[in-house]
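# Structural overview
Next come the chains, spelled out residue by residue.
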Amino acid sequence: MGYLLRLIFEIIFFRPLTLIVVGLRLRHPERLPKKGPALIVANHNSHMDTPVLFSLFSLGRIHRVCAVAAEDYWFSNPIMAMFSKHVMNLVSVKRKRAPGESVEDILANVFSALEAGKIVIFFPEGSRGEPERRSEIKAGIDIICKKYPTLPVHPIFLHGLGKIMPRGDPVLVPFFCDVVIGETLNDHAQKSLSKDLKEIFDSLEKEIDRPEWH
Amino acid sequence: MTNLSAFHQLSILILGFLLVATGIIWGVKFAPKQAEELKLRMKTWWYIFAFLLGALYAPPPTLAICLGFVSFLALKEYLSLIPTRRADRRVLIWAYLAIPVQFWFAHTGEYGLAIVFIPVWMFVLLPVRMITIGETQGFLKALSELHWGLMINVFAISHILMLSRLEFPNFSDHRALILFLIVSTEINDVFQYISGKLFGKHKIVPKVSPNKTWEGFLGGLILTSILFYFVGPHMTPLDHNYSLALGLSVAVAGFFGDLSISALKRDMGVKDSGNLLPGHGGLLDRLDSLCFTSLIFFHFIRYFAT
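Note that this is a predicted model, so its numbers are computed, not measured. (Residues numbered from 1 in each chain as written. Chains lettered and ligands numbered in written order. Predicted model: local features only at pLDDT ≥ 70, side-chain atom pairs only at ≥ 80, totals over all residues. Heavy atoms only, no water.)

### Quick notes on the overall build of chain B
Using the following cut-off: Runs of E in the DSSP output that reach at least two residues are strands. Runs of H or I that reach at least four are helices, and both are numbered from the N terminus. Atoms counted for the radius of gyration: C-alpha only. Globule rule: 2.2 Å times the number of residues to the power 0.38. Here, two residues are considered to be in contact whenever any of their heavy atoms come within 4.5 Å of each other. Here, Shrake-Rupley sampling with a 1.4 Å probe gives the accessible areas, and only protein chains in the shown set may cover a residue.
Of regular secondary structure, chain B possesses 10 helices and 0 strands. Ordered by position in the sequence, the α and β elements of chain B form the string α-α-α-α-α-α-α-α-α-α. Whereas a compact globule of 306 residues would reach a radius of gyration of roughly 19 Å, chain B reaches 20 Å, a difference of no more than 12%. In chain B, the proportion of contacts linking residues at least 24 apart, taken out of those at least 6 apart, comes to 73%. Per element, the accessible surface of chain B, about 14,700 Å² overall, is 68% carbon and sulfur.

### Notes on helix 6 (residues 139-162) of chain B
All names here are of chain B. Just so we agree on the cut-off: Take the residue count of a helix, subtract one, and multiply by 1.5 Å to get its expected span. Two axes enter the definition of the bend at a residue: one is fitted to the seven residues ending there, the other to the seven starting there, and the bend is the angle between them. For every residue, the accessible area (1.4 Å probe, protein chains only) is compared with the maximum for its type, and the residue is labelled buried under 20%, exposed over 50%, or partly exposed between those bounds.
The terminal C-alpha atoms of helix 6, which comprises 24 residues, lie 32 Å apart, in line with the 34 Å expected from a rise of 1.5 Å per residue. Largest kink in helix 6: about 30 degrees, centred on M151. Within helix 6, 18 of the 24 residues are buried, which leaves it mostly tucked inside the rest of the structure.

### Regarding the interface of chain A and chain B
Note the cut-off: Accessible area, probed at 1.4 Å, shrinks when two parts are joined; the buried area is that loss added up over both. Any carboxyl oxygen of Asp or Glu that lies within 4 Å of a side-chain nitrogen of Lys or Arg is treated as forming a salt bridge with it. Pairs of N or O atoms within 3.5 Å make up the polar contacts considered here, provided that, within protein, one atom can donate a hydrogen while the other can accept it, and that residues adjacent in sequence are counted only when both atoms are side-chain atoms.
Taken residue by residue, the interface counts 25 residues in chain A and 25 residues in chain B. Taking both sides of the interface into account, the surface hidden between chain A and chain B amounts to around 2,000 Å²; carbon and sulfur atoms contribute 56%. There are 2 salt bridges connecting chain A and chain B. Among the ionic pairs, R89 of chain B bridges to D169 of chain A, the shortest N-O distance being 3.0 Å. In this structure, the connection of chain A to chain B is made through 11 residue pairs in polar contact (both at pLDDT 80 or more).

### Considerations on the confidence of the model for chain B
Regions with low pLDDT carry predicted coordinates that are not meant to be interpreted in detail. To be explicit about the condition: A score from 0 to 100, pLDDT tells how confident the predictor is in each residue.
When pLDDT is averaged across chain B, the result is 94; 99% of the residues are at 70 or more. The complex model carries a pTM of 0.93, and its ipTM stands at 0.90.

### Describing the side chain of D288 of chain B
Residues and elements named next belong to chain B. The criterion, for reference: In this tally, Asp and Glu contribute negative charge and Lys and Arg positive charge; neither His nor the terminal groups of the chain are included.
Secondary-structure assignment places D288 in helix 10 (residues 283-305). One buried charge, D288, has no salt-bridge partner; the nearest side chain with opposite charge is R286, at 5.1 Å. Each residue touching D288, except ones within four places of it in the same chain, is listed here: D189, G257, D258 and I261.

### Some points on the state of the cysteines
All names here are of chain B. For clarity, the threshold we go by: Two cysteine sulfur atoms make up a disulfide if the distance between them is within 2.5 Å.
Enumeration over the complete set of coordinates arrives at 0 disulfides over all chains. The thiol of C291 is unpaired, and the distance to the nearest cysteine sulfur, on C66, comes to 18 Å. For C291, a relative accessible area of 3% puts it in the buried group.

Take a look at the structure:
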């Protein structure tokens, strides 16, 4: 049932929105993961980021893809939580740690999704931040990589979604957005992705033309 | 063949031409990289003409919806290409909303409104909306870039649709008129390209486009005019001499339309306007000549034939 709702929602809402109203310019689609478990890491500027990343996967595989979302917003009441979980395929993480909780506890749902063999969309910057500007990479990504040192991680750089729908403005303005898929990283021993990702995103950003926007 | 209308004849001609071109690309041995590029480009041509012929053969509102959608994609590509201001988000929404309005006027044959809506009403409405937001930094630049975008991507493309609402004393094959405009514009591009490849020596505007030559331009002009002289009277309400004059105008307009988009891309520092049409680049890379020829073609015919 959840699978069917997910599919219908994707067909009547997400896909028309991302493929027709927005429109994607995809670079290196061959680098996308074919199967899970895998982690998609992308810069985060807009509510549109998640639907755009979902639309990179075929409808047949969409139920194997889920996205990490803040518990205090997307799971704030039972109805919202039902919708987020079953219709949008979201996995909740807490933004703030309760006393006595470790970072691992916060990420527990991400771990179980990965262990179920899913492709998980993760925003290592946490919140959306200022549109079209990148924020600091948080520690969460390192914790995941430490637990699964050979997990395939796919960095994706998104440009334009902050222009389409920036934080704090509900109006959607159509622009084409660029989706640049980086090379897969799958050896995380001795490495700190929270440090490396900035450079990786920088190099992916260089592949596109970026008109001024301020 | 004689029982078929000019529109059907032209459709069959195009399909035949595409088949022959596809056969050549598959049959002749090109360098692998070039072959790949040509095949991709050819495939996209098939999609373009399938879309176009589908829109023309389907019942009337389809053409308006399809061209309106093309206009939306072109405007989106244009706005994604140029610098924009965050403050103008709502102004851009107004620009997008001008598309259904303009295509509604064009579709219903409201010539008086279709011809002034963007040059007059949007000319006033865009600054009104900008003023209520109040950002003065970059005001003129943002305003003029947006209005030029509407002229090129909405006003010009809606002229293709407006052709279907013209009334002539002795001519009623409007679909032939539309198809002929598009095909002759594209063929003029091809004529210019071939003449340039064969005889090109003297660069015409090296700063804008290093590949354009006087020989290419004049070759296109002559061949397109010949085409218009012989085929024009069959596809349009014009006689041979007027059709020849239209052919000259289309060749010149197509040339400068093409170069205007080249200059725009050079200004923005990009090679292609996008990647919507594999093998061609963006939509504007293909619509470039048509943005000017549609205006010239329509107003020439409206003035001399109605």
